[in-house]
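# Descriptive structure summary
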Amino acid sequence: MELQGKSIVLGVTGGIAAYKAAELVRLLRKQGADVQVAMTEGATHFVTPTTFQALSGKPVFTDQWDARMPNAMAHIDLSRQADCILVAPASADFLARAVQGQADDLLATMVLARDCPLLVAPAMNRQMWENPATRRNVAQLLADGVSILGPDSGEQACGEVGAGRMMEPEEIVESMIAFFAAKVLAGKKVLLTAGPTFEAIDPVRGITNLSSGRMGYALARAARQAGAEVTLVSGPVGFAAPQGVDRINVRSALDMHRAVMAHAGKADIFIAVAAVADYRVANSAEHKLKKDSGGIPPIELIENPDILAEVAALPDGPFCVGFAAESRNLEEYAQTKRRKKKIPLIAGNLIQDGFGGDDNRLVLFDDAGVHPLAPAPKSVLARQLIQHIAHLTGNN
Ligand code: C5P
């Protein structure tokens with residue numbers, strides 16, 4: 001529910017991507033937003049107002065002269081209640097009319113009369129998107145402070161391939177969440193590690209830790225939404241990088257160490273979430289070990305560098321945050337780790353509370369004491385932890 005309490009006017013204009021706006025309404029509402037749909041006449045040729053009414057739970061407005069507004073001022077009343085107007089899909093024609101400040105239909109009039117931000121997700125044929133007229137219009141909208149979401153590139157409804165596809169509804173929702181998030185880390189550089197590391201025994205076998213990477217990815221996303229420039233050094237995990245996050249893929253602890261040390265000098269904040277293998281295989285084999293090659297193969301282990309402790313020891317290094325996943329004695333082990341690694345903040349969790357799942361329970365340990373956070377989804381905990389870091393680093 002990351003858009004709880006937000007009131008969004010969704011303008012839908014005439015384009016085939018209008019059918020995706022139906023899914024967008026559903027996703028915005030799932031995040032807790034109140035959605036009021038306003039359609040252009042063109043949009044109604046692609047999707048009916050009834051579809052949007054059913055999904056938004058509100059009557060849909062298409063007409064300036066709609067008799068349902070007692071004062072006949074739908075354009076004022078509807079836009080005054082909004083925290084933002086989002087137009088998705090935004091056709092080439094709509095962009096042109098918004099640039100001109102035209103008020104020739106309800107949506108254009110609402111956009112002109114608004115006192116809230118405007119975000120548009122353009123969708124059109126690639127030639128229309130590349131046309132100098134559209135380029136001029138987009139440049140002007142940006143200069144006027146309008147946020148432009150996308151468009152994506154790829155296959156288009158007309159069969160052509162190029163830039164102009166509407167950003168996917170999930171990504172538009174991500175952009176909306178980022179848009180509304182408090183920018184408590186604006187301009188800061190945040191470096192994170194996430195996921196497990198994999199220490200090869202031979203080309204197909206290895207030693208690893210159980211780590212889904214969810215908490216690290218949720219933190220990277222929350223840091224980005226808080227306005228930070230985020231670099232995520234990630235061990236092998238199965239999901240995509242959060243929007244706007246620069247990801248460096250690594251496999252072993254040594255790869256992770258190398259990538260982190262290359263970026264740590266520039267970072268303001270370092271958050272070590274990765275489950276780094278404590279040891280790697282000293283005698284890892286170049287070729288696959290064979291079962292019938294005489295006895296159980298000996299595996300020699302050597303210690304991996306402690307990435308977090310090394311970054312924490314850098315002169316003028318970043319503000320360092322560690323994680324302690326324990327199966328018991330959380331406070332004692334987490335506090336010992338914090339002292340040993342000489343870091344100002346450590347987030348502790350009991351493995352049985354959240355390993356691999358979407359929810360977790362975190363306890364923060366810093367110089368001021370112990371701060372237990374209520375059990376919550378990892379996305380919520382990530383936001384709270386970013387808030388806490390911003391507070392400790394004097395950024396809010
Ligand atoms: O030492 P331990 O693994 O218990 O500490 C956990 C914390 O230290 C986590 O924040 C983890 O990302 C970090 N760490 C590290 N490099 C290692 C081992 C742990 O950065 N080699």
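Throughout what follows, the structure given in this document is the object of discussion. (Residues numbered from 1 in each chain as written. Predicted model: local features only at pLDDT ≥ 70, side-chain atom pairs only at ≥ 80, totals over all residues. Heavy atoms only, no water.)

Time to look at the sheet that holds strand S16 (residues 319–326). Here eight strands make up an open sheet; going across it, the order is S12-S11-S8-S13-S16-S17-S19-S20 and the pairing mixed. Unpaired on one side and paired on the other, strand S12 (246–249) and strand S20 (369–372) mark the two borders of the sheet. Across this sheet, the average inter-strand angle for adjacent strands is 20°, counted without regard to direction. The pairing of strand S19 (residues 363–366) with S20 spans four bridges and is antiparallel. Across the sheet, Phe 365 pairs through a bridge with Val 370, a residue of S20. (Pairing = 2+ DSSP bridges. Helix = DSSP H or I, 4+ residues; strand = E, 2+ residues; numbered from the N terminus. Axes fitted to C-alpha atoms, helices over the stretch in contact; angles between N-to-C directions.)

On to the sheet that holds strand S5 (residues 147–148), then. With parallel pairing, five strands are arranged side by side in an open sheet as S2-S1-S3-S4-S5. Whereas interior strands pair on both sides, the edge strands pair on one side only; in this sheet they are strand S2 (34–39) and S5. Here six bridges tie strand S1 (residues 7–12) to S2, and the two strands are oriented parallel to one another. Pairing of Val 9 across the sheet is with Gln 36, part of S2.

With that settled, consider the site of the ligand. Close to the ligand lie Ala 272, Val 273, Ala 274, Val 276, Pro 305, Asp 306, Ile 307, Leu 308, Gly 322, Phe 323, Lys 337 and Lys 341. Separating a nitrogen atom of the ligand from a backbone N or O atom of Pro 305 is a distance of 2.8 Å. Measuring from an oxygen atom of the ligand, one finds a side-chain N or O atom of Lys 337 at 2.5 Å. Considered on its own, the ligand offers 440 Å² of accessible surface; in the complex 85% of this is hidden by protein. More than half of the atoms of the ligand fall within 2 Å of the grid points belonging to the largest pocket. Looking at the shell around the ligand, the elements with two or more residues in it are helix H11 (307–312), S16 and helix H12 (330–341). Residue classes in the shell around the ligand are distributed as eight nonpolar, one polar and three charged. (Near = heavy atom within 4 Å. Polar contact = N/O pair within 3.5 Å; in protein donor to acceptor, adjacent residues only side chain to side chain. Areas by Shrake-Rupley, 256 points an atom, 1.4 Å probe, with all protein chains shown as cover. 1 Å grid on protein atoms, 1.4 Å probe; cavity = no way out; pocket = protein on both sides within 12 Å on 5 of 7 lines; lining within 4 Å. Sits in = over half its atoms within 2 Å of the grid points. Nonpolar A, V, L, I, M, F, W, Y, C, P; charged D, E, K, R; others polar.)

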